[in-house]
Amino acid sequence: MSQERLPVRKIKEILRLKNEGFSNRAIARVCKVSNSTVGEYLERATKAGLGWALPDDLSESVLYERLFPEKGTSSQPVTLRAPDWEEVHRELSKRGVSLRLLWQEYREKNPDGYGKTQFGEHYQRWNQSHTNTMRLPHKGGEEMEVDYAGMTVPITNPETGEIWQAQVFVAVLPASNYTYAEIQPSQELVRGFSFFGGVPKILRPDNLKSGVKTPNRYEPELNPSYQELAEHYQIAVLPARVRRPKDKAHVENSVQNVERWVLAPLRHRTFFSLGEANRAIVPLRAALNQKEMLHLGKSRHELYEELDRPALRPLPDRTYEFAIWKNAKVNIDYHIVFEGHFYSVPHTLVRQEVRIRASESMVQVFSHGQQVALHPRSRTQGRFSTWAKHMPANHRFVLNADGNWFQK
């Protein structure tokens with residue numbers, strides 16, 4: 001076994017997600033570590049009698065001592081005897097035979113063999129390389145898939161007549177295919193939890209730049225906006241792999257249904273605001289969810305009430321406010337620019353790199369992890385939001401030197 005030392009926060013996340021029922025592979029993707037590392041830490045935690053949640057008074061040093069009691073010693077790797085996966089596959093096709101039963105029979109013959117999780121993962125790996133892909137039913141309340149439609153909705157500025165194209169966000173619960181759609185200004189917002197009335201365990205977005213900072217086939221790195229959302233809702237964000245449409249097949253199908261039954265009927269209408277457009281799609285979205293699916297004999301809404309709604313976790317007490325994170329360089333006039341508007345920061349930060357966190361109402365500026373400025377968000381381009389306390393002394397002097405000052 002390797003002895004890769006993980007930060008305490010990652011160890012806690014591994015234990016928390018395992019307690020939630022996630023597989024080692026899923027945990028590895030969320031925590032951006034290898035499958036073997038996840039398996040090692042879970043095994044060490046079991047031997048140390050540790051589980052979720054860890055004791056509050058457990059220090060970092062004590063935690064490592066309990067996880068790595070053999071520090072300074074070495075052990076020879078153990079070669080495990082693998083079962084006949086072809087035989088396992090044949091047995092699984094028999095009525096009443098489960099993977100757990102086959103693992104128990106395997107361990108009776110091989111007491112030191114694979115653990116239950118390893119057994120399942122090795123079988124899945126063999127299955128994917130030797131057989132056709134098998135579609136498994138989704139559990140209610142387990143997952144929410146999200147994506148954006150290819151079609152956009154034109155919004156006309158009533159004052160200038162200028163037309164801009166609004167994005168259409170789509171979310172679906174795969175167990176019931178219950179669908180949510182919303183027209184948004186850009187591909188930077190994720191909503192739908194309130195519509196569904198609860199929180200699933202997994203959020204699966206596309207591998208978009210808006211959701212994934214570094215597209216990677218195995219370990220995509222989430223951008224800070226999605227990371228904040230995941231922490232707020234205590235949800236695992238597992239982006240779809242690049243060029244793997246089956247990872248989010250349900251939302252791909254839902255996008256087509258939204259384009260066909262919600263957007264296409266509105267193609268001849270002119271909208272002058274996002275609010276007007278979203279009010280127009282509400283009855284069409286409801287009709288889509290009430291429409292009976294012929295192959296199931298039930299509507300999406302009926303299946304949602306039966307499968308998803310009882311299994312969803314409750315919404316947090318505090319409403320989540322989506323925020324955009326961006327880097328910026330402080331200009332020589334001690335202002336940074338965000339979406340065409342200029343915000344002041346302490347003049348001592350001129351020419352330095354800072355981080356911007358912009359919510360719907362506020363703009364925060366951080367330097368080395370510390371907040372250095374806070375402004376109400378303005379959408380007026382070309383204007384300045386300036387705090388006097390951010391100015392150098394000579395600039396504040398000029399600022400106060402108005403007509404009354406000179407008369408005095």
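The model shown is predicted, which means the values in this text are computed figures rather than measured ones.

A. Just the nonpolar core, in detail. Counting residues in hydrophobic clusters, the biggest one holds 28 residues, and the most contacted among them are Ile11, Leu50, Leu63 and Leu67. Those elements that place two or more of their residues in this core are α1 (8-19), α2 (24-31), α3 (35-47) and α4 (60-67). Apart from the residues lying within four places of it in its own chain, the contact partners of Leu67 are Ile11, Tyr41, Arg44, Ala45 and Leu50.

B. Local environment of the packing of aromatic side chains. The full count for this structure, using the stated rule, is 15 aromatic pairs. Ring centres of Phe342 and Phe384 lie 4.6 Å apart, and the angle between their planes is 15 degrees; on these two criteria the pair is classed as stacked. Taken together, the positions of Phe342 in strand β13 (residues 341-344) and Phe384 in strand β17 (residues 384-385) put the pair 42 residues apart, joining distant regions of the chain. Residue Phe342 is classed as partly exposed on the basis of its relative accessible area of 22%. Each residue in the set Tyr148, Phe169, Tyr178, Tyr180, Phe195, Phe196 and Tyr304 is aromatic and connected to the rest through ring pairs, giving one cluster. In this arrangement the basic side chain of Lys291 is found over the ring face of Trp261, its NZ or CZ atom lying 4.2 Å from the centre. Over the ring of Trp387 we find Lys389; its NZ or CZ atom is 5.8 Å from the centre of that ring.

C. Region of the structure containing the packing of α2 against α3. Interhelical geometry of α2 versus α3 gives an angle of 110 degrees and a closest axis separation of 8 Å. When the interaxial angle is binned, α2 and α3 end up roughly perpendicular. Residue-level inspection shows Asn24, Arg25, Ile27 and Ala28 of α2 in contact with α3, the latter providing Asn35, Val38, Gly39 and Leu42. Of the residues assigned to the contact of α2 with α3, the class counts are four nonpolar, three polar and one charged.

D. Broad picture of empty space enclosed by the protein. By the definition in use, this model includes two cavities of 30 Å³ or more. Of the volumes computed, that of the second largest cavity is approximately 30 Å³. Along the walls of the second largest cavity sit Ile11, Leu15, Tyr41, Ala45, Leu50 and Leu67, which together make up its complete lining. Elements with a minimum of two residues in the lining of the second largest cavity: α1 and α3. Classifying every residue of the lining of the second largest cavity gives six nonpolar, no polar and no charged.

E. Molecular detail of the sheet that holds strand β16 (residues 370-376). With antiparallel pairing, the four strands of this open sheet are ordered in space as β11-β14-β15-β16. Strands with a single pairing partner mark the edges of an open sheet, and in this sheet they are β11 (324-329) and β16. Shown here is a sheet whose adjacent strand axes are inclined to one another by a mean of 25 degrees, direction ignored. Inspection of the sheet shows strand β15 (residues 362-367) paired to β16 by six bridges, in the antiparallel sense. Residue pairing in the sheet places Ser367 in a bridge with Gln370 of β16. Against the sheet, helix α9 (residues 224-233) contacts β11 and β14 (353-358), and its axis sits at roughly 145 degrees relative to β11.

F. Looking closely at helix α10 (residues 249-263). A rise of 1.5 Å per residue sets the reference length of α10, with its 15 residues, at 21 Å; its end C-alpha atoms lie 20 Å apart and thus fit the reference within 8%. For α10, the full list of buried residues reads His250, Val251, Ser254, Val255, Asn257, Val258, Glu259, Val262 and Leu263. Where the residues of α10 are buried, they touch β1 (143-148), β2 (153-156), β3 (163-173), β4 (178-184), α11 (274-290) and α12 (300-308).

Criteria and cut-off values
- Residues numbered from 1 in each chain as written.
- Predicted model: local features only at pLDDT ≥ 70, side-chain atom pairs only at ≥ 80, totals over all residues.
- Heavy atoms only, no water.
- Core = buried A, V, L, I, M, F, W, Y, C linked by side-chain atoms within 4.5 Å.
- Buried < 20%, exposed > 50% of the residue type's maximum accessible area, 1.4 Å probe, protein only.
- Helix = DSSP H or I, 4+ residues; strand = E, 2+ residues; numbered from the N terminus.
- Contact = heavy atoms within 4.5 Å.
- Phe/Tyr/Trp six-rings, centres within 6.5 Å; stacked < 30°, edge-to-face > 60°.
- Lys NZ or Arg CZ within 6 Å of the ring centre and 35° of its normal.
- Axes fitted to C-alpha atoms, helices over the stretch in contact; angles between N-to-C directions.
- Parallel < 35°, antiparallel > 145°, perpendicular 65-115°, else oblique.
- Nonpolar A, V, L, I, M, F, W, Y, C, P; charged D, E, K, R; others polar.
- 1 Å grid on protein atoms, 1.4 Å probe; cavity = no way out; pocket = protein on both sides within 12 Å on 5 of 7 lines; lining within 4 Å.
- Points joined across faces, edges and corners; volume = space filled by probe spheres on them.
- Pairing = 2+ DSSP bridges.
- Expected span 1.5 Å × (residues − 1).

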